[in-house]
Amino acid sequence: MSDDISSRVSRRKFIAAAGAGGVLALAGCTDGGDGGDGGGNLSGEIFVTGSSTVFPLAVEVADRFERMHEDVSTSVERTGSGGGFENFFCPGDSDINNASRPIKDSELENCRSSGVEPVELKVATDALTVIVNNENDFATELTFDQLAQIWGPDAGADQTWADIDPDWPDEEVNRFGAATTSGTFDFFTETVNGEEGVHTQDYSPTEQDRNIVQGVQGDPYGIGYFGFSYYFNNQDAATAVAVSETGDEFFLPSLENAASDDYPLARPLFTYPDRNRLTEDRIAEFCRFFVEKSTSKEIVADTVGYVPNTDSKASEVMETLESAVDEANSG
Amino acid sequence: MTTDTNTDTDTVESVDPGLGRVSRLRGAVFRYVTFVASLVGVASLGVLLAYVFWDALGMDSAQPGWYAGFFLLVVAPFVGFVLRARTDAVAGEVALELFATVAGGIQGGFALVVVLDVIAGVDVWLSYFLTTIGPAVAVYLYGRLNRAASWTGLGILATGLLGPVAGTLLIGRIDVVVSGVGAPGIYLLTVTLPAALGVGLLVDRNEDLGDGRWATLALFALGVAGVLAADAVPGVSRSVWQLFVASFAAPTGYVVARNLADQERWSGLAGPGALVVGAGVLLLVDGPLGLVGPSPWFDWQFLTSPPSLTDPSTAGVYAPIVGSVFVIVLVAVFTLFLGVGAALYLEEYAGSSGLRGAVARLVRINISNLAGVPSVVYGLLGLAVFARLIGTGIGTVLTAALTLSLLILPIVIISAREAIAAVPDSQRRASYGMGATRWQTVRNVVLPRSLPGIMTGTILALGRAIGETAPLLMIGVPAFRRDEPTGLFTRTGALPRQVFTWADNPNPEFQYGVLAAGVVTLLVVLLTMNSIAILIRNKYERGDV
């Protein structure tokens, strides 16, 4: 078997990555604080569920983590933030759940009632992006009021763009949005429509970002919203809408605008490990790795397309994590 | 209506002009409508396949000159052969046999590597080989040689029950042997050698082929000497080489030799031969002639690398393939036992009257209905019953295997019942007439006669199972997993699930390159399984084994 492993390793062509990994492993040992536990001897399974917005970031982190720890196997499933809490994390099936909005009180209760204690770790900031078709040259700037008109509970199938603004064409608005299990849905409804879960029924809900892009791409009067990452990696497919909360100043979704808090639809992205499972070294180490990498411009911004944590935010999050690990180990 | 019924339709009008002409327009229109209807399906499937293969093989980047060479050297000879095979049935059959053997051998090799080397590991394999498989085969062979020994059947059963227990105890105690002989050596002795002996026996049976001992020796020598060649190929370890000699080289060599020995079948070798030679020549000349060929996504690197969502050039399907093979091997075991068992009971044992007959009727009707239940429903059932209630775990190998087994079980049972019902009753009565018991009749008459039908149905059903995505989504098979599964209770990736994940990737290189390569992998697996099923059916329909 040893010959198999060595040949597979060489196939993975990651001599460079292994070098970087070695450095990271050293770093992990020094600031991980969990002395005696070197980088290489972690093993076992990690099951991550939750937000499809955080999914690409979690996969990228898991991928790098596994290259450092060959014996750890990570499975990442995207279920939507709420779907993950409800169906996988709170019942105790998954170790970690990602979310594109803070955990709700009802979910916290649900988890605690089955002995699961979520620990909130902020891992990035997203600029939730509203897109329209590339041919759409009228609705390139939208206020929160206009968005609420389009996506609010009263918006029906007969709504036309002219209903939003009389200067716009008298064509039906076709909406492509997030499924109700999605944290994106919760954040969008709360921020734009004023109340969580309040949303028009006349839209195509999906957890697959590609369906939203394709829907808008194929429809000159379509509109959709999703996490910035998908738009960031596919900017030719659709046009991003500049948004404004009050109507004074409009901001396009971008990493700079989200980082500077100018962009009104910027939102934090989280990962929630179960505190009781932080006693397992591999899970604690994975969370440390995730938080550590949350400041990396290369991973978070360049590869995935979110705003990295600032150093001070990351060390704050790391403190939360470390105290949770200590609590888990002592209790 | 006084028309004479004997009158030819052409002369109807002359007999009774009062009826006027019978319009044939509707008939003609109907005929062409049916023709178009049959074309729509085939044509759209063809477009889809061409589209996917075009992307997967990266044909965009090839130069016109390369295409000219490709058509001249590969496509033209192949089309010529297909045209010839239309009139020469033997040629088509030989070509199908070769294709099925080669593709099946490669996939069988993958399955063997996954099951023995990746999942079980060489120490576990050796333990069970020494305690269960080896003794059982030895007892069986002794029974074949010495027909008077009536204890062999029970002996095999006892080995099958006690062997695994002994084998489990043996694991860990034979480390010395394992490290002394080495994994490739153990595979050489336990897999390559038996395969070589088996081919030798087959060669001996065939009068045209000469001495089987030479075939055995040649294959064994290939296993030993080929190690040097295997070392030079990246991604092929010595263990993998041994397993591929057994699963690929042995059957392919035998099939080629047998077809070569029979002059009537030579014409069939021309097609595959022309393909291999044409592709080989093209590979040799395109470099010197400066022809730029396609840059395929679907290549060796793709098959042997772990999946990725960010780097299309290194993304692969190794772990999902291992996961799918693992699951499908389990599904095959479950459905063969349960499906054939149920079909035998329903056809041979359950009477048609009384309480048992009523129960059997109820079961039959329900099985027929279950075959039409959407696969999503089976996914929900798998999540609720297997993953949650029984506790086999979310997205694990066992949950996936059990769910997919349930999904195709009705199809397997129905096709196995058809095959069993097709065995002529006269043969059963003849068996009873000679004093055979019911068990002996089932064992010696019904099962051997219906086995090809059962195998064909099962393989086609397995082909459906391997491509199913909806149930996998329901039972929580993860969207991304870099590692292959290591046991029944670890989570696993799967080919169709991986394709589904890639389909949502924003990067166009994933959407049009990697995704297409994943689809082609699935299609190649499916087409191979189907051609094996057709091959088995053809062979047994004509009665030659």
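Predicted model, so just to flag it, every value in this text is computed and none were measured.

Visitor: For this particular structure, what's the right way to read the overall build of chain B?
Guide: Of regular secondary structure, chain B possesses 21 helices and one strand. Summarising its shape, the C-alpha atoms of chain B cover approximately 100 × 75 × 60 Å along the three principal directions. Within chain B, the proportion of its 545 residues that are buried is 43%. The long-range fraction of contacts in chain B, counting pairs at least 24 apart against all pairs at least 6 apart in sequence, stands at 74%. For chain B, the exposed surface amounts to about 27700 Å²; the carbon and sulfur share of it is 70%. Positive and negative side-chain charges in chain B, numbering 32 and 34 respectively, have mean positions lying 10 Å apart.

Visitor: Can you walk me through unusual backbone geometry in this structure?
Guide: Of all residues except glycine, most have a negative phi; of all peptide bonds, most are trans. Residue and element names in this part refer to chain A. In this model, Asp261 sits at a positive phi of 70 degrees, which is unusual for a non-glycine residue. Turning to its location among the elements, Asp261 is positioned in the loop between helix 11 (255-259) and strand 12 (266-273). Residue class for Asp261 comes out exposed when judged on its relative accessible area of 66%.

Visitor: Can you help me understand the sheet that holds strand 12 of chain A in this one?
Guide: In a beta sheet, neighbouring strands pair by backbone hydrogen bonds and run either parallel or antiparallel. In spatial order, the strands read 4(A)-12(A)-3(A)-1(A)-2(A)-1(B); together these six strands make up an open sheet with mixed pairing. Two strands bound the open sheet, and with one partner strand each, they are strand 4 (121-127) of chain A together with strand 1 (480-481) of chain B. Running at roughly 170 degrees to strand 2 (residues 72-76) of chain A, helix 3 (residues 55-68) of chain A makes contact with strand 1 (44-50), strand 2, strand 3 (96-99) and strand 4 of chain A together with strand 1 of chain B of the sheet. Relative to strand 3 of chain A, helix 4 (residues 81-89) of chain A is tilted by about 160 degrees, and along the sheet it contacts strand 1, strand 3 and strand 12 of chain A.

Visitor: Explain the state of the cysteines to me, please; I cannot follow it from the model alone.
Guide: Every disulfide links exactly two cysteines, by a covalent bond between their sulfur atoms. Residue and element names in this part refer to chain A. The final tally for this structure, using the stated rule, is one disulfide over all chains. In this model Cys90 forms its disulfide with Cys111; the gap between the sulfur atoms is 1.9 Å. Across the disulfide from Cys90 to Cys111, rotation about the S-S bond amounts to roughly -55 degrees, and the bridge is consequently left-handed. Within this pair, whereas Cys90 is found in the loop between helix 4 and strand 3, its partner Cys111 is found in helix 5 (residues 105-113), the two being separated by 21 residues in sequence.

Visitor: Please explain the interface of chain A and chain B as it appears in this structure.
Guide: How big an interface is tends to be expressed through the accessible area that disappears when the partners come together. Taken together, the contact pairs 35 residues of chain A with 37 residues of chain B. Across the chain A/chain B interface, buried area totals approximately 3300 Å², and carbon plus sulfur atoms make up 45% of it. The tally of links from chain A across to chain B stands at five salt bridges. The partner of Arg482 of chain B in a salt bridge is Asp63 of chain A, with the nearest N and O atoms 2.5 Å apart. Linking chain A to chain B there are 18 residue pairs in polar contact (both at pLDDT 80 or more). Those elements giving two or more residues to the side of chain A that touches chain B turn out to be helix 1 (2-11), strand 1, helix 3, strand 2, helix 4 and helix 9 (209-217) of chain A. Considering each element in turn, the side of chain A that touches chain B owes the most residues, six residues, to helix 3 of chain A. Looking at side-chain class alone, the side of chain A that touches chain B contains eight nonpolar, ten polar and 17 charged residues.

Visitor: Would you mind going over the packing of helix 8 (residues 183-205) of chain B against helix 9 (residues 212-232) of chain B with me for this structure?
Guide: The relative placement of two packed helices is expressed as an angle between their axes plus a distance between the axes. Residues and elements named next belong to chain B. Contact geometry of helix 8 with helix 9 gives a least axis separation of 7 Å together with a crossing angle of 155 degrees. In terms of orientation, helix 8 lies roughly antiparallel with respect to helix 9. Both helix 8 and helix 9 take part in a crossing whose hand is right-handed. Where helix 8 abuts helix 9, its residues Leu188, Thr192, Leu193, Ala196, Leu197, Val199, Gly200, Val203 and Asp204 lie against Gly212, Ala215, Thr216, Leu219, Phe220, Gly223 and Val224.

Visitor: Where do I start with a negative patch on the surface in this structure?
Guide: Residues and elements named next belong to chain A. Residues Asp158, Asp163, Asp170, Glu171 and Glu172 make up a contiguous surface patch of negative charge. Mapped onto the secondary structure, Glu171 falls in the loop between helix 7 (161-164) and strand 7 (174-178). Using a relative accessible area of 35% as the deciding quantity, one classes Glu171 as partly exposed.

Visitor: I keep staring at the domain arrangement of chain B and nothing clicks. Help me out?
Guide: Residues and elements named next belong to chain B. The domain architecture assigned to chain B consists of domain 1 (85-286) and domain 2 (318-542). Relative placement of domain 1 and domain 2: their C-alpha centres are 25 Å apart. With 15 residues of domain 1 at the interface, the matching set in domain 2 holds 20 residues. Roughly 1400 Å² is buried in total at the junction of domain 1 and domain 2, and carbon and sulfur atoms are behind 73% of that figure. Together, Leu96, Gln107 and Ile119 form the three largest contributors to the area buried by domain 1 at its contact with domain 2, with a combined 34%.

Visitor: In this structure, what is going on with the packing of aromatic side chains? I would like to understand it.
Guide: Between two aromatic rings, the relevant description is the distance of the centres plus the angle of the planes. For the coordinates displayed, the defined rule picks out 28 aromatic pairs over all chains. Aromatic pair Phe47 of chain A and Phe88 of chain A: ring centres 6.3 Å apart, planes at 80 degrees, arrangement edge-to-face. Of this pair, Phe47 of chain A sits in strand 1 while Phe88 of chain A sits in helix 4, placing them 41 residues apart in sequence. Neither Phe47 of chain A nor Phe88 of chain A differs from the other in exposure class; each is buried. For the pair Trp66 of chain B and Phe70 of chain B, a centre-to-centre distance of 5.0 Å together with 10 degrees between the ring planes defines the contact as stacked. One end of the pair is Trp66 of chain B and the other is Phe70 of chain B, both in helix 3 (residues 64-87) and four residues apart, which spans about a single turn.

Visitor: For this particular structure, what's the right way to read the sheet that holds strand 10 (residues 239-240) of chain A?
Guide: All names here are of chain A. Spatially, the five strands line up as an open sheet ordered 8-7-9-5-10, and their pairing is mixed. Each of the sheet's edge strands pairs with one partner strand only, and the pair in question is strand 8 (204-206) and strand 10. Pairing between strand 7 and strand 9 (residues 222-226): three bridges, direction parallel. Across the sheet, residue Asn174 finds its bridge partner in strand 9, namely Gly222.

Visitor: I would appreciate a short explanation of the pattern of salt bridges in the present structure.
Guide: A side chain with one charge may pair with a side chain of the opposite charge, provided their charged atoms come close. Evaluated as defined, the whole model comprises 34 salt bridges over all chains. Note that Asp93 of chain A and Arg388 of chain B form a salt bridge whose closest N and O atoms lie 2.2 Å from each other. Of the two residues, Asp93 of chain A sits in the loop between helix 4 and strand 3 while Arg388 of chain B sits in helix 15 (residues 375-390), which places them in two different chains. Looking at Asp93 of chain A, the relative accessible area reads 25%, which means it is partly exposed.

Reading the values: the criteria
Residues numbered from 1 in each chain as written. Chains lettered and ligands numbered in written order. Predicted model: local features only at pLDDT ≥ 70, side-chain atom pairs only at ≥ 80, totals over all residues. Heavy atoms only, no water. Helix = DSSP H or I, 4+ residues; strand = E, 2+ residues; numbered from the N terminus. Buried < 20%, exposed > 50% of the residue type's maximum accessible area, 1.4 Å probe, protein only. Contact = heavy atoms within 4.5 Å. Areas by Shrake-Rupley, 256 points an atom, 1.4 Å probe, with all protein chains shown as cover. Lys, Arg positive; Asp, Glu negative; His and termini not counted. Charge placed at Lys NZ, Arg CZ, Asp CG, Glu CD. Pairing = 2+ DSSP bridges. Axes fitted to C-alpha atoms, helices over the stretch in contact; angles between N-to-C directions. Disulfide = S-S within 2.5 Å. Buried area = accessible area lost by both parts, 1.4 Å probe. Salt bridge = Lys/Arg side-chain N within 4 Å of Asp/Glu carboxyl O. Polar contact = N/O pair within 3.5 Å; in protein donor to acceptor, adjacent residues only side chain to side chain. Nonpolar A, V, L, I, M, F, W, Y, C, P; charged D, E, K, R; others polar. Parallel < 35°, antiparallel > 145°, perpendicular 65-115°, else oblique. Left-handed = near helix turned anticlockwise from the far one by under 90°. Patch = residues over 30% accessible without salt bridge, like charges linked within 9 Å, V, L, I, M, F, W, Y side chains within 5 Å. Domains from an automatic or database assignment. Phe/Tyr/Trp six-rings, centres within 6.5 Å; stacked < 30°, edge-to-face > 60°.

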